Amino acid sequence: DVDVAGAGRVIDAEGRLVANAPHMPVHLGSMDKSVETIMRQNQVIRPGDVYAINAPYNGGTHLPDITVCTPVFDPKGETVMFWVASRGHHADVGGVAPGSMSPLATHIEEEGVYIDNFKLVEKGHFREEALVALLEGARHPVRNVVQNVNDLKAQIAANAKGAAELERMVREFVLDVVTASRGHVQDNAADAVRGVLDRLKDSSF
């Protein structure tokens, strides 16, 4: 029931994009802002914590797109090395009409449940009771809370797989090499964009 629209997104410890699913360029420039919001609004982030956000004012798109953000810590569990994030388009997140995209909405609450920096998992413990309270306690609550909870569990699991692969990479190649490679990927992306900009001519549209 969930279209995971941003699976595989890797973001560095400063909130800058490293890699994203190539079939989903629509979320370029927004998912990293969601992670930046989580970083900015949480003074203490621990191993095993996972966050959710769909706030359009803080990196989200529309409310059905819920982004799940997971920090990836160093082997000692002291410093965040990376973030992995998945953005899932949920079938419904409440609102005045099924599907949560009513053209009659005049306020964001009428589009569904607004989520801004919600801790889904705390030190490895899934906060299901608090999540259900959030989804059912809105002005226009979700219509199928079990479906929403299970879809968010799927996003958490997708992030856990990505985090595990990043941790395996660090064990195999050591952190300094992985960090350097991350920088090379980001530098290559910057050079590619500069190359496109250099070919553009002054225009009006």
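For the structure, see preceding data.
The following paragraphs examine the structure supplied in this document.

## Quick notes on unusual backbone geometry
Positive phi values are uncommon outside glycine, yet Ser 100 reaches one of about 65°. Mapping Ser 100 onto the fold places it in the loop between strand E6 (80–89) and strand E7 (118–122). The backbone of Val 174 shows a phi angle near 70°, a positive value even though the residue is not glycine. Residue placement: Val 174 occurs in the loop between helix H3 (145–173) and helix H4 (175–199). Classification of Val 174 as partly exposed rests on a relative accessible area of 47%.

## What to know about H4
In this model H4 runs 37 Å from its N-terminal to its C-terminal C-alpha over 25 residues, within 8% of the 36 Å that 1.5 Å per residue would give. Every buried residue belonging to H4 is among Val 178, Arg 182, Gly 183 and Gln 186, and all of these are buried. On the buried face of H4, the contacting elements are strand E2 (9–12), strand E3 (17–19), E6 and H3.

## Concerning the environment of Ala 91
With respect to the secondary-structure elements, Ala 91 resides in the loop between E6 and E7. Given the relative accessible area of 40%, Ala 91 is considered partly exposed. Spatially, the C-alpha atom of Ala 91 lies 9.8 Å from that of Arg 143, the residues being 52 residues apart in sequence.

## Things to note about the packing of helix H2 (residues 128–136) against H3
For the pair H2 and H3, interaxial distance at closest approach is 10 Å and the crossing angle is 130°. Taken together, the axes of H2 and H3 are oblique relative to one another. Relative to H3, the crossing made by H2 is right-handed. Contacts between H2 and H3 pair Glu 128, Leu 131, Val 132, Leu 135 and Glu 136 from the former with Val 145, Asn 148, Val 149, Leu 152 and Lys 153 from the latter.

## Some points on the pattern of salt bridges
Under the criterion given, the structure shown has 14 salt bridges. Here Glu 109 makes a salt bridge to Arg 139, at a shortest N to O gap of 3.5 Å. Residue Glu 109 is found in the loop between E6 and E7, and its partner Arg 139 is found in the loop between H2 and H3; the two are separated by 30 residues along the sequence. Linking Glu 165 and Arg 168 is a salt bridge whose minimum nitrogen-to-oxygen distance equals 2.7 Å. Of this pair, Glu 165 and Arg 168 both sit in helix H3, three residues apart, which is roughly one turn of that helix. Classification of Arg 168 by relative accessible area gives partly exposed; the value is 40%.

## A word on the side chain of Asp 74
Here Asp 74 shows up in the loop between strand E5 (65–73) and E6. Of the polar contacts made by the side chain of Asp 74, one reaches the backbone nitrogen of Glu 78; its length is 2.8 Å. Contacts of Asp 74, omitting those with residues within four sequence positions, involve Thr 79 and Met 81.

## Describing the packing of H3 against H4
Closest axis-to-axis distance for the H3/H4 pair is 7 Å, and the angle between their directions is 115°. Contacts from Met 169, Val 170 and Phe 173 of H3 reach H4 at Leu 175, Val 177 and Val 178. Taken together, the residues of the contact of H3 with H4 break down into six nonpolar, no polar and no charged.

## Observations concerning the nonpolar core
Of all hydrophobic cores here, the largest spans 20 residues; its most connected members are Ile 115, Leu 120, Phe 126, Leu 131, Leu 135 and Ile 156. Those elements that place two or more of their residues in this core are strand E4 (50–53), E5, E7, H2 and H3. Here this core gets four residues from one element, more than from any other, and that element is H3. Each residue touching Leu 131, except ones within four places of it in the same chain, is listed here: Phe 118, Leu 120, Phe 126, Val 149 and Leu 152. Membership of the second largest hydrophobic core comes to 12 residues, among which are Met 31, Val 35, Ile 53 and Phe 73.

Rules and cut-offs
- Residues numbered from 1 in each chain as written.
- Predicted model: local features only at pLDDT ≥ 70, side-chain atom pairs only at ≥ 80, totals over all residues.
- Heavy atoms only, no water.
- Helix = DSSP H or I, 4+ residues; strand = E, 2+ residues; numbered from the N terminus.
- Buried < 20%, exposed > 50% of the residue type's maximum accessible area, 1.4 Å probe, protein only.
- Expected span 1.5 Å × (residues − 1).
- Contact = heavy atoms within 4.5 Å.
- Axes fitted to C-alpha atoms, helices over the stretch in contact; angles between N-to-C directions.
- Parallel < 35°, antiparallel > 145°, perpendicular 65-115°, else oblique.
- Left-handed = near helix turned anticlockwise from the far one by under 90°.
- Salt bridge = Lys/Arg side-chain N within 4 Å of Asp/Glu carboxyl O.
- Polar contact = N/O pair within 3.5 Å; in protein donor to acceptor, adjacent residues only side chain to side chain.
- Nonpolar A, V, L, I, M, F, W, Y, C, P; charged D, E, K, R; others polar.
- Core = buried A, V, L, I, M, F, W, Y, C linked by side-chain atoms within 4.5 Å.

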